[in-house]
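Each chain, written out:
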Amino acid sequence: MTTSFLESTVRLLYQLPVTATLDDAAEPDRIIEDTSNLAAISRDTADTLEIVQHINARSIAIEQRISSRDPRQLEASHSLPTSVMPPEPTIFGREAFIEQAIELIVNNPSARIAILGPGGIGKTSTALKIIRDERIRARFDKNRIWIPCDQATSVPLLFDLIANGLDLPSSKSNDRFKEIIVALKSLTQRVVLLLDNLETPWDIEGQQSNVAQILARLAAVASVSMIITMRGSQYPAPDSVQWSQPLLSPLTPLEIDAGRDAFLRIAADAAADPDLNPLLKELDCVPLAITLMAKLALVGETPTELLIQWKEGKTALLDQGG
């Protein structure tokens, strides 16, 4: 995959400032270098997901370095910016999944649901669509709390993020989580917590059992409903948390019609291009990949050109892996 193609896709998808630091500006080259670690696997959905996830992870790291303070400073200060829930997204092809999740939440006094799947598959967007649904709003009103766990690079930071979402005052307590549980139990109305991108604290070396205990203690509060989004296909802490039945299946790539709708919502002028559907099929209808390509189409690339670039870039990427 050429440098220009990677730079375009990364910058357009994450709106990375062109005037970043020299160190940050070099990241697209590092993305290319890092791809040499990818295995030369067959060209199926796994290829697309791996490539897109790789770009996704590297780009998020760039964005965080540019826009965020050092996590060690956050941990030391016990102070985080207010977590404002993102606006309701427009998504396609998840209607049945969303309805099933909403029914689980509405019909259970203490729902515990997990939205699982690989990176780039649309877990956060789906969760936001659920938590902003009018039926969820009617049940929980303002007690719908979004917790961006991708900032939780340590367990203390996870506590601070949850406390911040609950508008708890800053504290240097030695048992911040106890304060959180007390606050949740004192609420007179039900609350739904959306622990978004929980894989960040879950994957911290040596902390998985601690994060499992956190989930268990949150789930034990009768007035709390809990939604998590997390990479992978396995439910976390299955022995500690009674996940609502029936379990939600991990998200999968979109059907072609939904993928087309998602693409055209961003780049409507591509509707008549005969290579739009072949491009979507080549992308295996992975939502993040569709968004990435549609943003390139929006600034002048045609689906035909993007299809050629994707095939060439993907082939080169897999060849490097070999």
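A few words now on the overall build of the protein. Within the protein, the regular secondary structure consists of 16 helices and four strands. A buried classification covers 48% of the 322 residues belonging to the protein. A separation of at least 24 residues holds for 77% of the contacts in the protein among residues at least 6 apart in sequence. Carbon and sulfur atoms make up 50% of the accessible area of the protein, which totals about 15300 Å².

Mapped onto the secondary structure, Ser-223 falls in the loop between α12 (208-219) and β4 (224-231). Accessibility expressed as a relative area gives 16% for Ser-223, which makes it buried.

What follows concerns the confidence of the model for the protein. This prediction gives the protein a mean pLDDT of 80; 72% of its residues lie at or above 70. Ranking the helices and strands of the protein by mean pLDDT puts strand β1 (residues 112-117) first, with 98, and helix α2 (residues 22-25) last, with 34. Note on residues 1-7: pLDDT is under 50 here. Beyond four places in sequence and across chains, it has 22 contacts. Ignoring residues within four places in sequence, the model shows residues 59-81, a span with pLDDT below 50, making 38 contacts including any to other chains.

What follows concerns the side chain of Asp-273. Along the polypeptide, Asp-273 turns up in the loop between α13 (256-266) and α14 (276-282). Buried and unpaired, Asp-273 has no salt bridge, with Arg-260 as the nearest side chain of opposite charge at 8.3 Å. In this structure the side chain of Asp-273 is engaged in a polar contact, spanning 3.2 Å, whose partner is the side chain of Thr-304.

What follows deals with the environment of Leu-193. Relative to the assigned elements, Leu-193 resides in strand β3 (residues 191-196). When its relative accessible area of 0% is taken as the criterion, Leu-193 is described as buried. Sequence spacing of Leu-193 and Ile-131 is 62 residues, and the spatial spacing of their C-alpha atoms is 9.2 Å. Ignoring any residue separated from it by four or fewer positions in sequence, one finds Leu-193 in contact with Ile-145, Ile-147, Leu-166, Leu-184, Leu-218, Val-224, Ser-225, Met-226 and Ile-227.

Here helix α6 (residues 95-106) contains 12 residues, and its C-alpha end-to-end distance of 16 Å stays within 8% of the 16 Å for a straight helix at 1.5 Å per residue. Among all positions in α6, only Phe-97, Ile-98, Ala-101, Ile-102, Leu-104 and Ile-105 are buried. Burial along α6 is one-sided: seen end-on, the buried residues are contained in an arc of 160 degrees. When the buried face of α6 is taken as reference, the exposed residues oriented beyond 90 degrees from it are Glu-95 and Ala-96. Looking at the buried side of α6, the elements it contacts are β1, α7 (123-131), α8 (134-140) and β4.

Rules used throughout
- Residues numbered from 1 in each chain as written.
- Predicted model: local features only at pLDDT ≥ 70, side-chain atom pairs only at ≥ 80, totals over all residues.
- Heavy atoms only, no water.
- Helix = DSSP H or I, 4+ residues; strand = E, 2+ residues; numbered from the N terminus.
- Buried < 20%, exposed > 50% of the residue type's maximum accessible area, 1.4 Å probe, protein only.
- Contact = heavy atoms within 4.5 Å.
- Areas by Shrake-Rupley, 256 points an atom, 1.4 Å probe, with all protein chains shown as cover.
- pLDDT = per-residue confidence, 0-100.
- Lys, Arg positive; Asp, Glu negative; His and termini not counted.
- Salt bridge = Lys/Arg side-chain N within 4 Å of Asp/Glu carboxyl O.
- Polar contact = N/O pair within 3.5 Å; in protein donor to acceptor, adjacent residues only side chain to side chain.
- Expected span 1.5 Å × (residues − 1).
- Arc of directions from axis to C-beta.

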